[in-house]
Amino acid sequence: MTTTTMRLRFLPFALLFLAAPLGTPLAAQAGLRAGPMTGYSEMREAMVWLQTDAPAEVAIEYWDSAAPGRRYRTDTAFTLAATAFTARFPIGLLEPGRVYHYRPVIDGRPVDRPYPMRFVTQSLWQWRADPPPFTVALGSCLYVNDPPYDRPGAPYGGEYEILQAIHDRRPDAMVWLGDNVYLREADWYSRSGILYRYGHTRALPHLQPLLAGAHHYAIWDDHDYGPNDSDRSFRDRADTHDAFRLFWGNPTYGMPGLPGITTMFAWADVEFFLLDDRTHRTPNRRNTGDDALLGDDQLRWLVDALAASHAPFRLVVVGGQVLNPSGEGETWAAVAPDERDRLLRLLREEDIWGVMFLTGDRHFTELSRLDRPGTYPLYDLTVSPLTAGPYPTGRDEANPLRVQGTFHGARNFATLAFSGPRTDRVMEITVRDVQGREVWTWTIAASELRPRP
């Protein structure tokens, strides 16, 4: 067999997944391409994700930080080209309220990193103590440059050091608010292109310490689902659904009878409701029929879940802005105003309190507040962008609900810090720039999100 023949045989494999020199043999020693990343955390279970750069036999070695001499190892998994060399490890029968350290084992070799690799199990605080304080980071719109496939002109992505700034805050968890991957024109209509793009983004070196040291949850918006402003008509949505499941660590993807990525999770006494604003969405330019962003089934699930919750803060996470009535961009008011109004009406009719919205998409950050006579105000915290191009002229939008002083038109992230006793919980919002410096803060007490007497 000639060298040329070997190169032709292995060319697709190298291009799609490894970015390795042509002719790299399949038997080459596999390495860690991206991760490890910690996904969901429960009281007795947590999940770890990783991606190798070639087929490999992989496992996770872990230990309780209070007893480092006793090591455990998960069952072995195999990373394959068909699933972009990714592996997920749900690790169960842990003890609540513990800090565990871990490291990947690839083809029998432990892999260490120069930064902490850790996960935590949530505390069993109910009936025993006040809920613990904790911090969640927020961000959206992570664009990683890839010149052969980017549009001509100045690079759209930049200031990747923001990811280290988030890591430096040591959040317990991070919630990714959509557009966490930017699929390009060359990616949309092939599974191989979609998996390539997810892998290219996830392998960004600046991202790795953050992935390993906090628990990650995600929704998507248009760019990690399909083309710009994409909707339920997107031909290859089954492949992007699959890519999302392969690369993120949410506890579930969709709910019974509800396809997509919808799910929820709790951290201490706070609940997060992660919505899918693409799978059930009508095209923006449809002229007949009812406009939908969530669709009837997902909206019904959301209202049911919010009504069933006892959390002091019930945080609804969705890609596009909910409250902004200006009609600019892909706000809910612009896309499906009747559905938005239906949700707001149901919140009042069902006497659901504690609700606040967390959104991304807009390439600027702002806090919107809707005062509602006779009941509590609704807030919508929009946090965008992380590394994509900012939209500073959004300042001129006619959003009458914007809280004065909260607009920020440069790259940024936010943290939500929860503290206080069970009956008097407080959330402190802090928006920070790419260096981690404070831009503005706003405090909301849980008592503010209850109906007024």
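Look a little higher up for the structure.
Residues numbered from 1 in each chain as written. Predicted model: local features only at pLDDT ≥ 70, side-chain atom pairs only at ≥ 80, totals over all residues. Heavy atoms only, no water.

Quick look at the overall build of the protein chain now. Of the regular secondary structure elements, the protein chain holds nine helices and 21 strands. For 453 residues, the compact-globule estimate of 2.2 N^0.38 gives 22 Å, and the protein chain sits close to it at 22 Å. Across its three principal axes, the protein chain shows a C-alpha extent of roughly 80 × 55 × 45 Å. When the accessible surface of the protein chain is split by element, carbon and sulfur atoms take 51% of a total near 18,500 Å². In the protein chain, which carries 47 positive and 56 negative side-chain charges, the distance between the mean positions of the two groups comes to 4 Å. (Helix = DSSP H or I, 4+ residues; strand = E, 2+ residues; numbered from the N terminus. Rg over C-alpha atoms; globule rule 2.2 N^0.38 Å. Areas by Shrake-Rupley, 256 points an atom, 1.4 Å probe, with all protein chains shown as cover. Lys, Arg positive; Asp, Glu negative; His and termini not counted. Charge placed at Lys NZ, Arg CZ, Asp CG, Glu CD.)

Once that is clear, we can look at the nonpolar core. Leu-138, Trp-176, Tyr-198, Phe-272, Met-356, Leu-358 and Leu-381 are the most contacted members of the largest nonpolar core, which totals 107 residues. For this core, the element with the most residues is helix α7 (residues 296–308), which contributes six residues. When near neighbours in sequence (up to four residues on either side) are disregarded, Phe-272 contacts Val-136, Val-175, Thr-263, Met-264, Phe-265, Trp-267, Leu-315, Val-317 and Leu-358. Ranked by size, the runner-up nonpolar core spans 23 residues in total, among them Val-58, Tyr-62, Ala-87 and Tyr-115. (Core = buried A, V, L, I, M, F, W, Y, C linked by side-chain atoms within 4.5 Å. Buried < 20%, exposed > 50% of the residue type's maximum accessible area, 1.4 Å probe, protein only. Contact = heavy atoms within 4.5 Å.)

Before going further, it helps to examine the sheet that holds strand β18 (residues 378–382). The pairing of strands in a sheet comes from backbone hydrogen bonds and takes either a parallel or an antiparallel form. Across the sheet, which stays open at both edges, the six strands sit in the order β13-β14-β15-β16-β18-β17 with mixed pairing between neighbours. In this open sheet, the two strands that pair with only one neighbour each are β13 (263–267) and β17 (366–370). The average undirected angle you get between the axes of adjacent strands in this sheet is 20°. Here α7 sits on the sheet and contacts β13, β14 (270–274), β15 (314–317) and β16 (355–359); the angle it forms with β14, its principal contact strand, is near 175°. Against the sheet, helix α9 (residues 337–349) touches β16, β17 and β18, its axis set at about 155° to β16. (Pairing = 2+ DSSP bridges. Axes fitted to C-alpha atoms, helices over the stretch in contact; angles between N-to-C directions.)

The N-to-C vectors of α7 and α9 enclose an angle of 20°; their axes lie 11 Å apart at closest approach. For the element pair α7 / α9, the angle class is roughly parallel. Once α7 is placed against α9, the crossing between them reads as right-handed. Judged by residue contacts, Asp-296, Leu-299, Leu-302, Val-303 and Leu-306 of α7 engage Glu-339, Arg-342, Leu-343, Leu-346 and Leu-347 from α9. Of the residues belonging to the contact of α7 with α9, the class tally is seven nonpolar, no polar and three charged. (Parallel < 35°, antiparallel > 145°, perpendicular 65-115°, else oblique. Left-handed = near helix turned anticlockwise from the far one by under 90°. Nonpolar A, V, L, I, M, F, W, Y, C, P; charged D, E, K, R; others polar.)

For α9, which comprises 13 residues, the first-to-last C-alpha distance of 18 Å matches the rise-based estimate of 18 Å (1.5 Å per residue) to within 8%. For α9, the elements touching its buried residues are α7, α8 (332–335), β16, β17 and β18. (Expected span 1.5 Å × (residues − 1).)

Okay, the pairing of strand β1 (residues 32–41) next. With nine of its ten residues buried, β1 lies for the most part within the structure. Judged from the five bridges that link them, β1 and strand β2 (residues 46–52) form a sheet pairing that is antiparallel. Within the sheet, the bridge partner assigned to Thr-38 lies in β2 and is Val-48. From the end of β1 to the start of β2, which pair antiparallel, there are four residues.

A few words now on the packing of aromatic side chains. Summed over all chains, the structure comprises 27 aromatic pairs. Centroid distance Trp-220 to Phe-244: 5.3 Å. Interplanar angle 70°. Geometry classified as edge-to-face. In this pair, Trp-220 sits in the loop between β12 (215–218) and α5 (222–225) while Phe-244 sits in helix α6 (residues 237–247), placing the two residues 24 residues apart along the sequence. Residue Trp-220 shares its accessibility class with Phe-244, and that shared class is buried. Through successive ring pairs, a cluster of aromatic residues spans Trp-176, Trp-188, Tyr-189, Trp-220, Tyr-225, Phe-234, Phe-244, Trp-248 and Tyr-253. Over the aromatic face of Trp-49 sits the side chain of Arg-202, whose NZ or CZ is 4.7 Å from the ring centroid. Sitting above the plane of the Trp-353 ring, Arg-450 keeps its charged end 3.8 Å from the centroid. (Phe/Tyr/Trp six-rings, centres within 6.5 Å; stacked < 30°, edge-to-face > 60°. Lys NZ or Arg CZ within 6 Å of the ring centre and 35° of its normal.)

Within the structure shown, the criterion is met by 29 salt bridges. Between Arg-103 and Asp-112 there is a salt bridge, with its nearest N and O atoms 3.2 Å apart. Connected through salt bridges with shared partners, the residues Glu-61, Arg-71, Arg-73, Arg-103 and Asp-112 form a single ionic network. (Salt bridge = Lys/Arg side-chain N within 4 Å of Asp/Glu carboxyl O.)

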